[in-house]
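Summary of structural features
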Amino acid sequence: MSQAKFEKAVSIVQSLPKDGPIKPTQEEQLYFYKYYKQATVGDVNTSRPGMLDFVGKAKWDAWESVKGTSKEEAYAKYVEKLIEILKRADTEESKKYIAEIEAA
């Protein structure tokens, strides 16, 4: 998976309106987060957040779960998940996004 496809997918995910027709679940959002961090930073490099930081702990645990994943594999997982969500949405907008990713 190319870095260009990954970067296009990231821009699409970040531009999705919160109340739009293409809405990743919380679990899918964590999936994007962990593979984005793995692709851009590498293995988790911070200590686990404190006991009351539930969101921070969930994000840290998700990122930690992909420790050792290569940058290229993280790119692929991220892009494949977005394409899966876009195909599920099956709208004109989602088809346009798929074409943009494939052209990158």
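For clarity, every value in this text was computed on a predicted model and none was experimentally measured. (Residues numbered from 1 in each chain as written. Predicted model: local features only at pLDDT ≥ 70, side-chain atom pairs only at ≥ 80, totals over all residues. Heavy atoms only, no water.)

Some details on the packing of aromatic side chains
- Counted by the stated rule, this structure contains five aromatic pairs.
- One aromatic cluster is present, formed by Phe 6, Phe 32, Tyr 36, Tyr 75 and Tyr 78 through successive ring pairs.
- For Lys 81, the ring lying beneath its charged end belongs to Tyr 31, and the centroid distance is 4.8 Å. (Phe/Tyr/Trp six-rings, centres within 6.5 Å; stacked < 30°, edge-to-face > 60°. Lys NZ or Arg CZ within 6 Å of the ring centre and 35° of its normal.)

Things to note about the pattern of salt bridges
- A full pass over the atoms with the stated rule returns six salt bridges.
- A salt bridge links Lys 81 to Glu 84, with the nearest nitrogen and oxygen atoms 3.4 Å apart. Taken together, the residues span about one helical turn, with Lys 81 and Glu 84 both in helix H4 (residues 71-89) at a distance of three residues.
- The exposure class assigned to Lys 81 is buried, which follows from its relative accessible area of 16%. (Salt bridge = Lys/Arg side-chain N within 4 Å of Asp/Glu carboxyl O. Helix = DSSP H or I, 4+ residues; strand = E, 2+ residues; numbered from the N terminus. Buried < 20%, exposed > 50% of the residue type's maximum accessible area, 1.4 Å probe, protein only.)

As for a nonpolar patch on the surface
- There is a patch of nonpolar side chains on the surface, built from Met 51, Leu 52 and Phe 54 and spanning about 430 Å² of accessible area.
- Looking at the element boundaries, Met 51 is found in the loop between helix H2 (26-40) and helix H3 (54-64).
- On the basis of relative accessibility, which here comes to 67%, the residue Met 51 falls in the exposed class. (Patch = residues over 30% accessible without salt bridge, like charges linked within 9 Å, V, L, I, M, F, W, Y side chains within 5 Å. Areas by Shrake-Rupley, 256 points an atom, 1.4 Å probe, with all protein chains shown as cover.)

A look at the packing of helix H1 (residues 3-15) against H4
- Orientation of H1 relative to H4, taken along the N-to-C sense of each, is 45°, at an axis distance of 9 Å. With respect to H4, the axis of H1 lies oblique. For H1 against H4, the interelement crossing comes out left-handed. In this structure, H1 uses Gln 3, Lys 5, Phe 6, Ala 9, Val 10, Ile 12 and Val 13 to contact H4, whose residues at the interface are Tyr 75, Tyr 78, Val 79 and Leu 82.
- Classifying every residue of the contact of H1 with H4 by side-chain character gives nine nonpolar, one polar and one charged. (Axes fitted to C-alpha atoms, helices over the stretch in contact; angles between N-to-C directions. Parallel < 35°, antiparallel > 145°, perpendicular 65-115°, else oblique. Left-handed = near helix turned anticlockwise from the far one by under 90°. Contact = heavy atoms within 4.5 Å. Nonpolar A, V, L, I, M, F, W, Y, C, P; charged D, E, K, R; others polar.)

Here we look at H1
- Taking 1.5 Å as the rise per residue, H1 with 13 residues should run 18 Å; its terminal C-alpha atoms sit 18 Å apart, in good agreement.
- Looking at H1, one finds that the buried residues are Phe 6, Ala 9, Val 10, Ile 12 and Val 13. Buried residues along H1 cover an arc of 165° about the axis, so they all sit on one side. (Expected span 1.5 Å × (residues − 1). Arc of directions from axis to C-beta.)

So, the environment of Phe 32
- Residue placement: Phe 32 occurs in helix H2.
- Here Phe 32 falls in the buried class, since its relative accessible area comes to 4%.
- Through-space distance from the C-alpha of Phe 32 to that of Lys 81 is 7.9 Å; in sequence the pair is 49 residues apart.
- Other than its neighbours up to four places away in sequence, Phe 32 contacts Val 13, Pro 24, Tyr 78, Lys 81, Leu 82 and Ile 85.

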